[in-house]
Amino acid sequence: MVRLSDVAARAGVSVSAVSRVLRDAPHTRVSESTRVRIQEAAAELGYRPNFAARALKSARTNVVGLVVPDVTNAIFTDPLRGVEDEAYRQGYVVLLARADGLPDGVDVIGRLIGEGRVDGLLVQVGDTSDANDIDRLIASRLPVVFVNSIHPEGVGSVVLDDEEGTRIATAHLIGLGHRRIALINGVASSDTARRREAGFRRASADAGLSVDDDLITRRGYEPRQGAEALGALWER
């Protein structure tokens, strides 16, 4: 294992200078040529910082957690790529975890909070997410940004304009001459489902069409649930 002293010996500088440069510490007083020499020596020796020790000293892990309902769902691939790209630019790595469908007794949220594994969390709330988990996140004071949901206490969030998107899609179908339109939606408690239904109803009202509540399903977004919803609609 390569140590700071090895890098210092190769670069011909003090260990403290190596530590400051490789940590990119503010107000580090070394010349640019010395900085480059230290960085080249670290690269040549294959030096890797001890993040565990650094975390103990700085009380930061430089890790951000991304919690999604299902890591196998392809819809989360692009957001994951975006989170990772920006995290790397900011000097962070991403810890990915799923929130739904875990065995009984597995407490992902509790471990992320209680064990100090991350400096902050991005959370995509699932249809079956436990409200108590969300409350614990808020109470922990850990920086949290919710994805596609808005918490009533004003915690940070990033959301799509689901209402406008569904309004546009419904208006498109109406423009093609369709009058009996169904909505396969998420569960009633889902923020996205509520916004999407609002857009669906708004487009229908704008066109002077009444909404048949029997043509709205609220079973969820998983493929199995979509198939069940389509089957129920088909029977009507």
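Residues numbered from 1 in each chain as written. Predicted model: local features only at pLDDT ≥ 70, side-chain atom pairs only at ≥ 80, totals over all residues. Heavy atoms only, no water.

**Concerning the side chain of Arg-195**
Looking at the element boundaries, Arg-195 is found in helix α9 (residues 191–206). Apart from the residues lying within four places of it in its own chain, the contact partners of Arg-195 are Asn-148, Val-159, Leu-160, Asp-162 and Glu-163. (Helix = DSSP H or I, 4+ residues; strand = E, 2+ residues; numbered from the N terminus. Contact = heavy atoms within 4.5 Å.)

**Considering the pattern of salt bridges**
It is possible for side chains bearing opposite charge to pair when their charged atoms get close. Applying the stated criterion to the full structure yields 15 salt bridges. Between Arg-35 and Glu-32 there is a salt bridge whose closest N-O contact spans 3.9 Å. Highlighted residues: Arg-35 and Glu-32, both in helix α3 (residues 32–45), separated by 3 residues, approximately one helical turn. In this structure Arg-35 comes out as buried when scored by relative accessible area, which is 18%. In this structure, Glu-86 engages Arg-89 in a salt bridge whose closest nitrogen and oxygen atoms are separated by 2.9 Å. Linking Glu-86 with Arg-89, this pair stays in helix α5 (residues 77–89), spanning 3 residues, or about one helical turn. The exposure class assigned to Glu-86 is partly exposed, which follows from its relative accessible area of 34%. Residues joined in a network through salt bridges with shared partners are Glu-163, Glu-164, Arg-167 and Arg-202. (Salt bridge = Lys/Arg side-chain N within 4 Å of Asp/Glu carboxyl O. Buried < 20%, exposed > 50% of the residue type's maximum accessible area, 1.4 Å probe, protein only.)

**Comments concerning the pairing of strand β1 (residues 63–68)**
Extensive coverage of β1 is indicated by the burial of 6 of its 6 residues. In β1, alternate side chains face the same way, and those of Val-63, Gly-65 and Val-67 on one face and Val-64, Leu-66 and Val-68 on the other are all buried. Relative to strand β2 (residues 93–98), β1 runs parallel, the two sharing 6 bridges. Of the residues in β2, the one forming a bridge with Leu-66 is Leu-96. Pairing of β1 with strand β3 (residues 120–124) involves 4 bridges; the strand directions are parallel. When the sheet's bridge partners are listed, Val-67 is paired in β3 with Val-123. (Pairing = 2+ DSSP bridges.)

Without other data, these values stay purely geometric and don't point to any function.
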